Amino acid sequence: MHYFNYQGNELYCEDVPVERIAAEVGTPFYLYSASTIVRHYNVFTEAFADVDHLVCYSVKANSNLAVLKMLADLGAGADIVSGGELFRALRAGISPDKIVFSGVGKRDEEIRFALESGILMFNVESTSELSALSRIAKDMGSTAPVALRVNPDVDPETHPYISTGMKENKFGIPVTEALSIYLQAAKMDHIQVVGADCHIGSQLTSSAPFGEAVTKLMELVSDLDREGMEIKYIDVGGGLGIIYGEEAPPLPSDYADTILDAVGGTDKTLIFEPGRVIVGNAGILVTRVIYNKKTAEKNFIIVDAAMNDLIRPSLYDAYQEVRPVFRTEREEIVADVVGPVCESTDYLARDHSMPAVEEGELLAVMSSGAYGFSMSSQYNSRPRAAEIMVRDKRFEVVRNRETFDDLVKGERVFNG
Ligand code: LLP
């Protein structure tokens, strides 16, 4: 569900014509629908209305301050993976006692920053990290609240690059070793065991792997209860998939049924770390056709957005639909939509069935709200795109397009 629709033959974001924004801010730009974000958040949290829970939005999916502030106002917490994400979350007004810190490589200064900020818990991924936490908390005269991130060895049936809960992945503590590490943690000074956590992957389109993972996590939680550990939080991660094309992911309500079945009734607080399902379909990337180029092999539509703006198609061979902003009757062709970057892997769509578009025309790359701008770069010295937010009839620039000066900010010539 999203609020990008054609009114007549023209694509709108809520009540604003996409063309009007393009005329004002130029292309390419990311365009977000505030009402879609709010709706997705509400549908997700309402699916768990009957249980004590906290939704910690996964900041990496889209870390723009306007997005974070909107979610903060709705009561969301944050799942962060770096000091930079903590900085953003706090800047946006997300309460520190709703922030969980995940990731395999937390550095000392990041741990210190999180302890100073008073975050809810660290999702710990190794015994070395546990020792670092204990050492730094002692140094600061404080105590680190922790959950162990358990690797349940469950196949999430998603792209191998975004699968995280199988035993060959770098993430988490093998479920078979978790109990003994919990027992060590419980004895450590300056460590307070408060939760148990898992996250098995992203863009999952079936519920079964979630059920399997949470069942394994709950077996561990029963053992921990038996050992007298005070587990308050059960963090089941994120990963719920969205529709890019033909997928049929579970609805949040079906996902909730699976999770709640596996949890089987508890007095603990459930924590969720959704990213994509909140923002993925709430954003598009708007780009303009520079040239049409036809070879003996292919139709190439060369546009002004590229892999530096949206890397998902190049990196994961991900499918994202490309549509013209103005819909008219015309011939359908099969084309590669490519950018100006000097790499053959620079494409936004490959062998895509779409209308034969004209030079100068606007196109929308759908479902670009998650892992779009947040994974963008300046490769080929291309200033990063602007980000725009719409609500109802109004739009605002929520991140300026970068300038050439931004490209060289902080650089200087070597005088040695
Ligand atoms: N929690 C943890 C610990 C994570 O690592 C992730 C995503 C999430 C939550 C949120 O997952 P989501 O609900 O968004 O699926 N760049 C890739 C996706 C990478 C996901 C990384 N971790 C893509 O564009 O498909």
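Provided above is the structure to which this section pertains.
The residue numbering used here restarts from 1 in each chain and proceeds along that chain's sequence as written. The model is predicted, so local features are restricted to residues of pLDDT at least 70 and side-chain atom pairs to those at 80 or more, both for listing and for counting; the totals for chains, interfaces and linings are taken over all residues. Excluding hydrogens and water, the side-chain figures rest on all heavy atoms present in the structure.

**Q** Quick question: what am I supposed to make of the pairing of strand β17 (residues 332–338) here?
**A** The two faces of a sheet get side chains in turn, since along a regular strand they alternate between them. Remark: exposure states derive from per-residue accessible area (1.4 Å probe, protein chains only) relative to the maximum for the residue type, with buried under 20%, exposed over 50%, and partly exposed in between. The way it works is that DSSP assigns letters per residue, a run of H or I at least four long becomes a helix, a run of E at least two long becomes a strand, and they are numbered from the N terminus. Among the seven residues of β17, five are classified as buried, and the element is accordingly described as predominantly covered. Pairing between strands is defined by DSSP: at least two bridges between the two strands are required. Across three bridges, strand β15 (residues 299–303) lies against β17 in parallel orientation. Looking at β17, one finds that I302 is bridged to V338. Relative to strand β18 (residues 347–355), β17 runs antiparallel, the two being bridged by six bridges. Within the sheet, the bridge partner assigned to V334 lies in β18 and is S353.

**Q** Before we go on, may I ask you to explain the packing of helix α8 (residues 208–226) against helix α9 (residues 252–263) in this structure?
**A** When two helices pack together, their arrangement is given by the angle between their axes and by how far apart the axes lie. Between N-to-C directions, angles span 0 to 180 degrees; the directions come from axes that are lines fitted to C-alpha atoms, helices contributing only their stretch in contact. Between α8 and α9, the shortest axis-to-axis distance is 8 Å and the interhelical angle comes to 25°. Relative to α9, the element α8 is oriented roughly parallel. Note on packing geometry: the crossing formed by α8 with α9 is right-handed. Contacts from F210, G211, V214, T215 and M218 in α8 reach Y255, T258, I259, A262 and V263 in α9. The nonpolar class holds Ala, Val, Leu, Ile, Met, Phe, Trp, Tyr, Cys and Pro. Asp, Glu, Lys and Arg form the charged class, and all remaining residues, Gly among them, are polar. Here the residues of the contact of α8 with α9 are counted per class, giving seven nonpolar, three polar and no charged. Roughly parallel refers to an angle under 35 degrees, roughly antiparallel to one over 145, roughly perpendicular to one between 65 and 115, and oblique to any angle outside these ranges. Crossings are sorted by hand: turned counterclockwise from the far helix by less than a right angle, the near helix makes the crossing left-handed, and turned clockwise it makes it right-handed. Any two residues whose heavy atoms approach within 4.5 Å at even a single point are treated as in contact.

**Q** Can you walk me through the site of the ligand in this structure?
**A** The ligand sits among 19 residues. The nearest are S202, E273, R312, Y316 and Y371. Counted as a polar contact is a pair of N or O atoms within 3.5 Å, where, for protein atoms, one must be capable of donating a hydrogen and the other of accepting one, and residues adjacent in sequence contribute only when both atoms are in side chains. In this structure, an oxygen atom belonging to the ligand sits 2.9 Å away from a main-chain N or O atom of G275. One nitrogen or oxygen atom from the side chain of Y316 is found 2.7 Å from a nitrogen atom belonging to the ligand. In short, Shrake-Rupley with a 1.4 Å probe defines the accessible areas, and a residue's cover is counted only from the protein chains shown. Isolated, the ligand exposes 590 Å² of accessible area, and the fraction of that covered by the protein chains is 92%. Put simply, the grid is 1 Å and covers the protein atoms alone, a cavity is a trapped set of points that fit a 1.4 Å probe, a pocket is an open set with protein on both sides within 12 Å along at least five of seven lines, and lining residues have an atom within 4 Å of a point. A cavity or pocket is said to hold a molecule if more than half of that molecule's atoms lie within 2 Å of its grid points. If you map the ligand onto the pockets, it falls in the largest pocket. Of the residues that constitute the shell around the ligand, the class distribution is five nonpolar, eight polar and six charged. Near is defined per residue: the residue qualifies when any heavy atom it owns lies within 4 Å of the molecule or strand.

**Q** What is the right way to look at the layout of surface pockets in this model?
**A** Rolled over the atoms, a probe as big as a water molecule pinpoints where empty space is left. Grid points are joined across faces, edges and corners, and a volume is the space filled by probe spheres set on the points. Approximately 670 Å³ is the volume attributed to the largest pocket. Residue lining of the largest pocket: 31 residues in total, with K60, T164, F171, H199 and Y371 positioned closest to the centre. Of the residues that constitute the lining of the largest pocket, the class distribution is eleven nonpolar, twelve polar and eight charged. Each domain's limits were defined by an automated method or a database of domain assignments. Composition of the lining of the largest pocket by domain shows at least three residues from each of domain 1 (4–32 + 280–407) and domain 2 (103–272). A volume near 560 Å³ is recorded for the second largest pocket. Surrounding the second largest pocket, 27 residues form its lining, M1, H40, I242, I243 and N281 being those nearest its centre. Listing elements by their share of the lining of the second largest pocket, those giving two or more residues are α2 (34–46), α9 and α10 (276–279). The biggest single contributor to the lining of the second largest pocket is α2, with four residues.

Distances and angles like these do not, on their own, reveal function.
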